[in-house]
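Spelled out, the chains give:
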Amino acid sequence: MSSSFTLHIEPDNRDIVVPAHTVLHEALDCNGISLTAYCDGMGVCGKCIVEIRCADGMPVPETDEDRRHLTSGQRAEGLRLACRWNVVCNATVRIPDASRIENLAATAKDSGTVSTGAAHVNAAQPFGIAVDLGTTTVVGSLLDCRTGRTVAVASRLNGQHRFGADVISRVKYSVEAADGPGSLQREGIATINDIIGDIIGQSGIPAASIADVAITGNSVMLHALLRKPMHTLAVLPFEPAFREATRMPAAELGLALNGGAQAYVFPIVAGFVGGDTVSCMLATNMDTADECSMVIDIGTNGEVALGCARGLITASAPAGPAFEGATISCGMRGAKGAIEHVQITPDALISDVIGEVAPAGVCGTGLIDATAALLDWGIIDETGRILCQDELPDGTPGWLRARICERNGQQAFVLFDPETDEYYDNGDAPRTLVLTQRDFRELQLAKAAVAAACDLLLQHKGMTYGDLACINLAGAFGNYLRPAQARRIGLLPDVPLENIHFVGNAASTGAKRTLVSLDDRARAERIAREAAHVELAADPAFQMCFAGHMLFPASV
């Protein structure tokens, strides 16, 4: 048998040669073709769907995972999970848009100016780069440190995604793989270097003019960046290997900068509350404010911070990847083809789709919108159960009633039906998108974790939501969230909508401030050193509070 095979990739129209018996998902990844695989190739999420046509005309065998995640019609068309097929012949592989990870342009909306304060500007090297090293997406901003103005911005999918979609998967890989720490660091550095190349190309600013790089990120990302051991993050009490800020030559870290540029890596508060939370607290001036506020960064590992000049307290919320679209049967990230907003009127279900193309799935904001609407229409009850058609409230429109169906033995709701719903016809043949009972349970788990973290921080400080000046939503996800819908499902507390503020990519803003102000750099380190931390997994009140938030509010 041949030791290698040729795969023709469509619609890329390129050929790649891969060793025999290589897992297709890994073969594509090694050739720069990234698929949506939230489960690290375990066959659990069912997202890495491709069409495989063997050159000899033989059908590709079906696996149990293929039968679990794909319909009989899809399998008959040659669709398979890329993580379940070993390359054993020459073949053509067609990759649908919904299965391909694209750079998320929405996360690159990082612009504006930060105050220079007590600047430390080198006249010969007046520029700096602020990096938000996210689990999913990395954002880099080039700053003119003389003015605090953002000159260029670029984003990339974090190359570490091949080792798992969330921080727990990355920790597991670091601990168990032979060269886990080295592999994670190399992928993270390579991603940052790609961004550096992009922003230098955009701006025309030579690398020799860049004096500093400030890098923030969650605890796991910063451990990976510095190649620190993560075994203590795998078990309670989730102790980090370091907490202090790190300063070192950028070249020593592996960054593609010359001219003696220095790297500044943010400090960590504790456990899974990392430099990104420190950045958010700095960016919102929480540490100097007279009135208390709360900042929430909603994601796979959500972080919550509470406080003012009189004291700060933090926690991490193990929300899981549901907000990223993982664990949701028709879920996807917030990329082209994702349903990002939903409303249900008496006459129609209206969806907003990113990129104005045919719907390929639903992202986290769309899932929240759909759930809020179904709660309002009485199709989902407070426990999260989808009601049967004969249980629905009187006056439920017949077309809406007909969307309740059964999939794989469980109640489900048809979110999009290409036979009846309007959509952008761009030549694709969209499939029916269905939200199952299990999908709503996954959302309940995710939102309960965030809501419980918020409640418990207030309890620890003897406060109520009425004592807060505002609640700040940070991060790309929070920036596209509809507060009323998030409040309707119980993700956000029942506070006046005018008290909920969007602060954008506050992690990036905080990193920028440490580039242009020595005072702010010292503040960041003081915040990390003095902020208290609540380890929710060890808090006896967490389970009861979490269980209470599993229910949806009766009304808001």
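Just so we're clear, the structure is a prediction, and the values are computed from it rather than from any experiment.

A few words on unusual backbone geometry. Most peptide bonds take the trans form, and the phi angle of most residues other than glycine is negative. With an omega of 0 degrees, the peptide bond running from Glu10 to Pro11 counts as cis. Relative to the helices and strands, Pro11 resides in the loop between β1 (4–10) and β2 (14–19). Of note, the bond from Leu236 into Pro237 is cis; its omega dihedral lies within 30 degrees of zero at 5 degrees. Following the sequence through the fold, Pro237 ends up in the loop between α6 (219–225) and β10 (246–249). Here Asn13, not a glycine, exhibits a phi torsion of approximately 55 degrees, which is positive. For Asn13, the location among the structural elements is in the loop between β1 and β2. Even without glycine at this site, Arg227 takes up a positive phi of about 55 degrees. As for its placement among the helices and strands, Arg227 is situated in the loop between α6 and β10.

With that settled, the discussion passes to the environment of Ser209. Within the fold, Ser209 resides in the loop between α5 (180–203) and β9 (210–217). With 115 residues separating them along the chain, Ser209 and Arg94 place their C-alpha atoms 44 Å apart. Among all residues touching Ser209, those that are not within four sequence positions of it are Ala124, Gln125, Pro126 and Phe127.

Right, let's talk about the environment of Leu536 for a bit. Mapped onto the elements, Leu536 comes out in the loop between β23 (532–533) and α16 (542–549). On the accessibility criterion, Leu536 (2% relative accessible area) is buried. For Leu536 and Met281, which are 255 residues apart along the polypeptide, the C-alpha to C-alpha distance reads 20 Å. Dropping the residues within four chain positions of it, Leu536 is found in contact with Ala315, Ser316, Ala453, Leu456 and Phe542.

Quick notes on the rules
Residues numbered from 1 in each chain as written. Predicted model: local features only at pLDDT ≥ 70, side-chain atom pairs only at ≥ 80, totals over all residues. Heavy atoms only, no water. Helix = DSSP H or I, 4+ residues; strand = E, 2+ residues; numbered from the N terminus. Contact = heavy atoms within 4.5 Å. Buried < 20%, exposed > 50% of the residue type's maximum accessible area, 1.4 Å probe, protein only.

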